[in-house]
Amino acid sequence: MTVEVSDPAFVYDLLYSLKRDEYAAAQTGRHTLEVRVPWASSPAEAASTLDLYLVTWRSRHPGIDADVLERV
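These lines cover the structure that appears in this document, whether it is placed above or below. Sequence positions are assigned chain by chain, starting from 1 and proceeding in written order. Reporting in this predicted model follows two pLDDT cut-offs: at least 70 for local features of residues, and 80 or more for side-chain atom pairs to be given and counted; totals over whole chains, interfaces and linings ignore these cut-offs and use all residues. To get the side-chain values, all heavy atoms of the structure are used, and hydrogens and water are removed first.

## A look at the overall build of the protein
1) Next: Per the convention used, a helix needs a DSSP run of H or I reaching at least four residues, while a strand needs a run of E reaching at least two, with both numbered from the N terminus. Helix and strand content of the protein: two helices and four strands.
2) Next: Ordering the α and β elements of the protein from the N terminus gives β-α-β-β-α-β.
3) Next: With the C-alpha coordinates aligned to their principal axes, the bounding extent of the protein is approximately 30 × 25 × 20 Å.
4) Next: Here the contacts in the protein between residues at least 6 apart in sequence split such that 54% fall between residues at least 24 apart.
5) Next: Looking at the protein as shown, the accessible area adds up to about 4,200 Å², and 52% of this sits on carbon and sulfur atoms.
6) Next: The averaged location of the 11 negative side-chain charges in the protein is 4 Å from the averaged location of its 7 positive side-chain charges. In this description, contact between two residues means that some pair of their heavy atoms is separated by no more than 4.5 Å. For the accessible areas, the method is Shrake-Rupley and the probe is 1.4 Å, while residue cover comes only from the protein chains on display. All tallies of charge rest on Lys and Arg as positive and Asp and Glu as negative; His and the ends of each chain are not included. To locate a charge, the coordinates of NZ of Lys, CZ of Arg, CG of Asp or CD of Glu are taken.

Put into C-alpha cells, the structure is as follows:
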C-alpha cells in the first residue's frame, strides 16, 4: 500500500517506526512509502492493521498527516 506523509521531514520517522514494528516498508518518493503487512492473512486485514497503525502514529505527531493513497 502507498502511504503519503504530509511533511517529508517525517517520512524517515514513519519508515523506521514501521520497520521496528515488523512492517515491510520502503521509501518510494519524497512524501511516500510503500508498506506491506507480512503477517496479514488478507488484503482487508492488512489495510485495517495499517489504518490503525497510522491513527496511532498521527496521534504522536500532531499536525502531520499520513494516509493510505493506494491499497493493493
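Picking up where we left off.
## As for the packing of aromatic side chains
Aromatic rings in a pair are described by how distant their centres are and how their planes are angled relative to each other.
1) Next: Side-chain rings of Phe, Tyr and Trp, where Trp is taken by its six-membered ring, are said to pair if the distance between their centres is within 6.5 Å; with planes under 30 degrees apart they count as stacked, over 60 as edge-to-face, and otherwise as tilted. Counting across every chain of the model gives three aromatic pairs.
2) Next: Taking the centre distance of 4.8 Å and the plane angle of 75 degrees together, the rings of Tyr 23 and Trp 39 count as edge-to-face. A residue pair is termed long-range when its members are at least 10 positions apart, and Tyr 23 in the loop between helix H1 (11–20) and strand E2 (24–27) and Trp 39 in the loop between strand E3 (32–36) and helix H2 (43–60) qualify at 16 residues.
3) Next: Accessible area is worked out with a 1.4 Å probe on protein chains only. A residue is then buried under 20% of its type maximum, exposed over 50%, and partly exposed in between. By relative accessible area, Tyr 23 is classed as buried at 8%.
4) Next: With 4.9 Å between their ring centres and 55 degrees between their planes, Tyr 23 and Tyr 53 make a pair best called tilted. With a gap of 30 residues between them, Tyr 23 in the loop between H1 and E2 and Tyr 53 in helix H2 connect regions that are remote in the sequence. The burial state of Tyr 23 is the same as that of Tyr 53; both residues are buried.
5) Next: What links up through ring pairs into an aromatic cluster is the set Tyr 23, Trp 39 and Tyr 53.

## Here's the deal with the pattern of salt bridges
1) Next: Salt bridges are counted wherever a side-chain nitrogen of Lys or Arg sits within 4 Å of a carboxyl oxygen of Asp or Glu. The tally for this structure, following the rule as stated, stands at two salt bridges.
2) Next: In this structure, Asp 67 and Arg 58 form a salt bridge, with 3.4 Å as the shortest nitrogen-oxygen distance.

## Some thoughts on the side chain of Ser 17
1) Next: Position of Ser 17 among the secondary structure elements: in helix H1.
2) Next: The residues contacting Ser 17, other than those within four sequence positions of it, are Tyr 53, Trp 57 and Arg 60.

## So, the nonpolar core
1) Next: Here the nonpolar core consists of buried residues drawn from Ala, Val, Leu, Ile, Met, Phe, Trp, Tyr and Cys, with membership extended through side-chain atoms lying within 4.5 Å. By size, the foremost hydrophobic cluster in this structure holds 22 residues, and its most contacted members are Val 3, Leu 14, Leu 18, Val 35 and Leu 50.
2) Next: Looking at this core, the elements that each hand over two or more residues are strand E1 (2–5), H1, E3, H2 and strand E4 (66–70).
3) Next: With six residues, the single largest contributor to this core is H2.
4) Next: Excluding its chain neighbours within four sequence positions, the residues that come into contact with Leu 14 are Val 3, Val 5, Leu 33, Tyr 53, Leu 54, Trp 57 and Ala 66.

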